[in-house]
Amino acid sequence: MKTQNVSRTVLAAGVGAVLAATALLYVPELVGQGPPPPPGPAERATIAAHAGAQAALPDLAALIADREKWLRAHPDDDASWAALGTAYTERGTRLGDVRDYPRAERALRRSLAERPAARGNLDAQLGLGALAGARGDWRTAKLWGERVRKADPKRRPVYPVLIDAYNGLGEYKAAQKAVESLEGLHAGALTRSRAAESFRDRGWREDADAAAQDAVALAETEAEKAASLARLGDLAWERGEPEEALSRFGAALRLVRDHGPSLAGRARALAALGRTEEALRDWRAALARLPLPEYVLEAGELHESLGLDGDARALYERLRTGTWARGEVALGLLDADHGDPAAAVRRLRAEWARGHRSVAVADALGWALHWSGESKEALEYAKRATDEGLRSALFAYHRGEIERTLEQSGPARRHLAEALRINPAFSPLLAPKAQEAVAALGEPSDELPKELRPREAASKPGAKPDGEGAAKPGAKPDGEGAAKPGAKTDGEGAAKPSGA
């Protein structure tokens, strides 16, 4: 596994929260007498969105079709344009299909044309923030999100947009405050899932798992429960517990058979348990269902670790030539390890210059600099990635290897061992290399490092050492203490002033 394992289930839940801000307006009015019929797919999607839950993908598609049909007859309905644009964003995120993003932008811009932001069209502005986040444009997402929050601080769906934006920009304290604000407004599954993510980023593993368990219990729909179980699976995997992860991903897949994040998570866990044929099968299914750049890279590296070099090269080429919304880290790591490290440095420096200063970008940039022969500079980025709080086996491995190149044996041994302690199977390619590196470094020496050795007593100019301490200029030692300048000693005691 070569990228920080950030599940798209959390992002999709955030987009779903934005959809909830607009979708309730579109439940068709019931006509006629008698008991109401059961809700149809579009209505189910609307009800789920209003509850802050994920809708099933077929229901989301029905809602999109319903709004498209309505707008052909009512093209001046700004609220429907906003709902349609936000639904496009959610579908694109949950399917990994960037083709939905231009459709989303057209719909949201049309909503603003019908009712400008100056006239209070918060739904379209919020939708544009969610779209920017889905595209990985964190500055723009932050801009739209902060505008909406300023206009309506109690608008719950704005906080997931802001949390993603702050995390992408490396503004982790602001992200934590946004989580706290969301918790003050709502106590549902989305909120607990966001709290779990925040705890994980700070290294609070038990708290993260407890919050994720809460999210499962509070989930309103099967899609939302599957997403929450996938988050639990991710947490177990990151702790180095593949059996537990396998159980959690399996539970998610029993609810939503083709849940992309769970298929990818199960593939990782199966590979760690040595069930490689099943792992390859699940990677194929995951990439068919949710083709994310980090998944393509992970699948390629599993193939390479098994000696399936032709399949690995095909997957790496797919990553290089694909169109990705948020692929800079995966592409940078691909070039650093399997291509052109100098190109990786250029790519990731550009990402850093855009203000995208998350721990994932810091780690990838440090690793690319290391492979470009700039290990001293690389270490500064590696420290930034590992010192923030997130306990990542990959980040610890990268830092340890950089330190090993710089002949910092103690820190290198510590961080490489830490990577294996966090998750012994964190990568099918790199975990064995970490084990080899730890063995090559051997046991720590009994000799203290140079920087910790006691300094030898050194005389100042004109002074003579006296065994235990350094003599002061012009003084004569007397065995136990140093005489004052110009004084005579009298045996055991301190020197008396001259002429006494």
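Everything numeric here is computed off the predicted structure, so don't read it as measured data. (Residues numbered from 1 in each chain as written. Predicted model: local features only at pLDDT ≥ 70, side-chain atom pairs only at ≥ 80, totals over all residues. Heavy atoms only, no water.)

For the rest of this paragraph, the subject is helix α7 (residues 138-151). Compared with an ideal rise of 1.5 Å per residue, which puts 14 residues at 20 Å, α7 spans 20 Å between its outermost C-alpha atoms and is within 8% of the ideal. Listed as buried for α7 are W138, A141, W144, G145 and V148. Down the axis, α7 shows its buried residues gathered within 130° of arc, on one side only. Looking at α7, the residues exposed on the side facing more than 90 degrees away from the buried face are K150 and A151. Residues of α7 that are buried in the fold lie against α5 (100-114), α6 (122-134) and α8 (158-168). (Helix = DSSP H or I, 4+ residues; strand = E, 2+ residues; numbered from the N terminus. Expected span 1.5 Å × (residues − 1). Buried < 20%, exposed > 50% of the residue type's maximum accessible area, 1.4 Å probe, protein only. Arc of directions from axis to C-beta. Contact = heavy atoms within 4.5 Å.)

Attention shifts here to α5. An α-helix turns once every 3.6 residues. As a result, residues three or four positions apart point the same way. Compared with the 21 Å implied by 1.5 Å per residue over 15 residues, the 21 Å span of α5 between its first and last C-alpha is a close match. Buried within α5 are the following residues: D100, Y101, A104, A107, L108, S111 and L112. Along the axis of α5, the buried residues cluster in a sector spanning 140°; they form a single face. Relative to its buried face, α5 has exposed residues pointing more than 90 degrees away, namely R106 and A113. Residues of α5 that are buried make contact with α4 (78-95), α6 and α7.

What follows is about the nonpolar core. W283, Y295, Y397 and F426 are the most contacted members of the largest nonpolar core, which totals 71 residues. Grouped together as the second largest cluster of nonpolar side chains are 26 residues, V148, V158, A211 and V216 included. (Core = buried A, V, L, I, M, F, W, Y, C linked by side-chain atoms within 4.5 Å.)

For the rest of this paragraph, the subject is the environment of T386. In this structure, T386 sits in helix α21 (residues 375-387). Residues T386 and H398, spaced 12 residues apart in sequence, show a C-alpha to C-alpha distance of 9.6 Å. Those residues in contact with T386 that sit more than four places away from it in its chain are F395, A396 and R399. At 2.8 Å, the side chain of T386 forms a polar contact with the side chain of R399. (Polar contact = N/O pair within 3.5 Å; in protein donor to acceptor, adjacent residues only side chain to side chain.)

On to the packing of aromatic side chains. Summed over the entire model, instances satisfying the criterion amount to six aromatic pairs. Their ring planes at 25° and their centres at 5.8 Å tell us that F199 and W204 sit as a pair that is stacked. On the numbers, 5.9 Å between centres and 90° between planes, the contact of W367 with W371 is edge-to-face. One end of the pair, W367, and the other, W371, are both in helix α20 (residues 359-371), four residues apart, so they sit about a helical turn from each other. Residue W367 is classed as buried on the basis of its relative accessible area of 2%. Among the residues examined, W371 registers a relative accessible area of 46% and is labelled partly exposed. (Phe/Tyr/Trp six-rings, centres within 6.5 Å; stacked < 30°, edge-to-face > 60°.)

For any two helices packed against each other, the geometry is given by the interaxial angle and the distance between the axes. At a minimum axis separation of 8 Å, α8 and helix α9 (residues 172-185) run at an interaxial angle of 165°. The angle between the axes of α8 and α9 places the two elements in the roughly antiparallel class. Between α8 and α9 lies a crossing whose hand is left-handed. Contact residues: α8 offers Y159, P160, I163, Y166 and N167, while α9 offers Y172, A174, A175, A178, V179, S181, L182 and L185. Looking at the contact of α8 with α9 residue by residue, the classes come out as 11 nonpolar, two polar and no charged. (Axes fitted to C-alpha atoms, helices over the stretch in contact; angles between N-to-C directions. Parallel < 35°, antiparallel > 145°, perpendicular 65-115°, else oblique. Left-handed = near helix turned anticlockwise from the far one by under 90°. Nonpolar A, V, L, I, M, F, W, Y, C, P; charged D, E, K, R; others polar.)

Okay, the pattern of salt bridges next. On inspection of all chains with the given rule, the structure shows 35 salt bridges. A salt bridge links D209 to R248; the nearest nitrogen and oxygen atoms lie 3.0 Å apart. Residue D209 is located in helix α11 (residues 205-218), and its partner R248 is located in helix α13 (residues 242-255); the two are separated by 39 residues in the primary sequence. Residue classification places R248 among the buried positions, given a relative accessible area of 8%. D282 is the salt-bridge partner of R281, the closest N and O atoms lying 3.3 Å from each other. R281 sits in the partly exposed class, given a relative accessible area of 39%. (Salt bridge = Lys/Arg side-chain N within 4 Å of Asp/Glu carboxyl O.)

This part covers the side chain of H415. Secondary-structure assignment places H415 in helix α23 (residues 409-422). According to the relative accessible area criterion, H415 is buried, its value standing at 8%.

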